[in-house]
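An overview of the molecular structure
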Amino acid sequence: MASKRRRLSNPLALAVLVTLWQKPMHPYEIAQTLRRQGKDTSTKINYGSLYTVVQNLEKHGFVEVADTERQGNRPERTVYGLTSAGREEMTEWLSELLARPVKEYPIFESALSLLGALPPDEVTTLLEERVQNLDVRAASERGALEKLYESVPRLFLVEVEYQLHMIEAQAEWVRGFLEEIRKGSMPGVESWRHFHETGELPPEFT
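Since the structure is predicted, the reported quantities are computational estimates derived from the model, not experimental observations. (Residues numbered from 1 in each chain as written. Predicted model: local features only at pLDDT ≥ 70, side-chain atom pairs only at ≥ 80, totals over all residues. Heavy atoms only, no water.)

**Quick word on the overall build of the protein**
- From N to C terminus, the protein includes eight helices and two strands.
- If you list the helices and strands of the protein from N to C, you get α-α-α-β-β-α-α-α-α-α.
- Computed over the C-alpha atoms, the radius of gyration of the protein is 23 Å, more than 25% above the 17 Å expected from 2.2 N^0.38 for a compact globule of 206 residues.
- In terms of overall dimensions, the protein has C-alpha extents of about 70 × 40 × 35 Å along its principal axes.
- With 206 residues in all, the protein has 31% of them scored as buried.
- Considering only contacts in the protein between residues 6 or more positions apart, those separated by 24 or more positions represent 59%.
- As displayed, the protein has an accessible area near 13,500 Å², and 54% of this comes from carbon and sulfur atoms.
- Taking the average location of the 25 positive side-chain charges in the protein and that of its 31 negative ones, the two points are 8 Å from each other. (Helix = DSSP H or I, 4+ residues; strand = E, 2+ residues; numbered from the N terminus. Rg over C-alpha atoms; globule rule 2.2 N^0.38 Å. Buried < 20%, exposed > 50% of the residue type's maximum accessible area, 1.4 Å probe, protein only. Contact = heavy atoms within 4.5 Å. Areas by Shrake-Rupley, 256 points an atom, 1.4 Å probe, with all protein chains shown as cover. Lys, Arg positive; Asp, Glu negative; His and termini not counted. Charge placed at Lys NZ, Arg CZ, Asp CG, Glu CD.)

Structure below.
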């Protein structure tokens, strides 16, 4: 499946398209639906950016005004619906994201690429703290997921399952890495330690 340059690339835009695929809604209802369905755990949502996203989707012809509604003395609300172009964009975009792995830049990966700037023993202490935090987070996520299974179909929880799996996988990797540093079995760990003790940069680090 060939990828294409999309006019909108904000993941929130895709979440809005999928939400409007369910039925026409006004922006406030879109936000409430996303939160009720737990999508705020995988997509960053705030009202200001959501209204902007809806406006951009309308500008590109992916959504259109379907109705306006008023409740009591409240201001009139604009209800948006998905256009045929929006449905096509939603299908293509979601299919591409599911099928094609892309390079992402998580902040922990960036920190790992720079950890040589800290002494090995300090890195060990920091990573031990990270593992503890990951274990606490995994236990919390696991408990919440088990509770959600009681009332929410698994189809709507797969992203939470994935998040939990990634937390557990990261904790497992960090534990293995820590063991290598402690045992000194990681290639270059002694040179790394020597550099921080003497300030002399080993040839293999240049």
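**Describing the packing of helix α1 (residues 11–22) against helix α3 (residues 47–59)**
- Remark: α1 packs on α3, axes separated minimally by 10 Å, with the N-to-C direction vectors making an angle of 75 degrees. With respect to their mutual orientation, α1 and α3 come out roughly perpendicular. Counted together, L12, A13, V16 and L17 of α1 and S49, L50, V53, V54 and L57 of α3 form the full contact between these two elements.
- Counted by class, the contact of α1 with α3 contains eight nonpolar, one polar and no charged residues. (Axes fitted to C-alpha atoms, helices over the stretch in contact; angles between N-to-C directions. Parallel < 35°, antiparallel > 145°, perpendicular 65-115°, else oblique. Nonpolar A, V, L, I, M, F, W, Y, C, P; charged D, E, K, R; others polar.)

**Notes on the nonpolar core**
- Core analysis: the largest hydrophobic core is formed by 23 residues, its most contacted members being L12, V16, L17, I30, L50 and L57.
- Secondary structure elements with two or more residues in this core: α1, α2 (27–36), α3, β2 (77–82) and α4 (84–99).
- Counting residues per element, this core draws most heavily on α1, which supplies seven residues.
- Of all hydrophobic cores here, the second largest spans 12 residues; its members include V174, F177, I181 and V189. (Core = buried A, V, L, I, M, F, W, Y, C linked by side-chain atoms within 4.5 Å.)

**What about the packing of aromatic side chains?**
- The final tally for this structure, using the stated rule, is one aromatic pair.
- Ring geometry for W173 versus F177: centroids 5.1 Å apart, planes at 15 degrees, classification stacked. Of this pair, W173 and F177 both sit in helix α7 (residues 158–183), four residues apart, roughly one helical turn.
- What makes W173 partly exposed here is its relative accessible area of 45%.
- Here the basic side chain of K103 rests over the ring of Y105, its NZ or CZ set 5.4 Å away from the ring centre.
- Directly above the aromatic system of F108 lies the positively charged group of R130, at a separation of 3.6 Å from the ring centroid. (Phe/Tyr/Trp six-rings, centres within 6.5 Å; stacked < 30°, edge-to-face > 60°. Lys NZ or Arg CZ within 6 Å of the ring centre and 35° of its normal.)

**Brief notes about the side chain of E161**
- Relative to the elements of secondary structure, E161 occurs in helix α7.
- Here E161 falls in the buried class, since its relative accessible area comes to 17%.
- At 2.6 Å, the side chain of E161 forms a polar contact with the side chain of R154.
- Sequence-distant contacts of E161, that is, excluding residues within four places in its chain, are made with L145, Y149 and R154. (Polar contact = N/O pair within 3.5 Å; in protein donor to acceptor, adjacent residues only side chain to side chain.)

**Overview of the pattern of salt bridges**
- Summed over the entire model, instances satisfying the criterion amount to 12 salt bridges.
- Between E150 and K147 there is a salt bridge, and its shortest N-O distance comes to 3.6 Å. K147 matches E150 in its accessibility class, with the two residues each being exposed.
- In this structure, the salt-bridge partner of R154 is E161, at a minimum N-O distance of 2.6 Å.
- Several salt bridges share partner residues, and in doing so they unite E128, E179, R182 and K183 into one network. (Salt bridge = Lys/Arg side-chain N within 4 Å of Asp/Glu carboxyl O.)

**Some points on the environment of S42**
- Its location among the elements puts S42 in the loop between α2 and α3.
- What makes S42 partly exposed here is its relative accessible area of 43%.
- For the pair S42 and P101, spaced 59 residues apart in sequence, the C-alpha to C-alpha distance is 17 Å.
- Residue contacts for S42: discarding those within four places in its chain leaves E159 and Q163.

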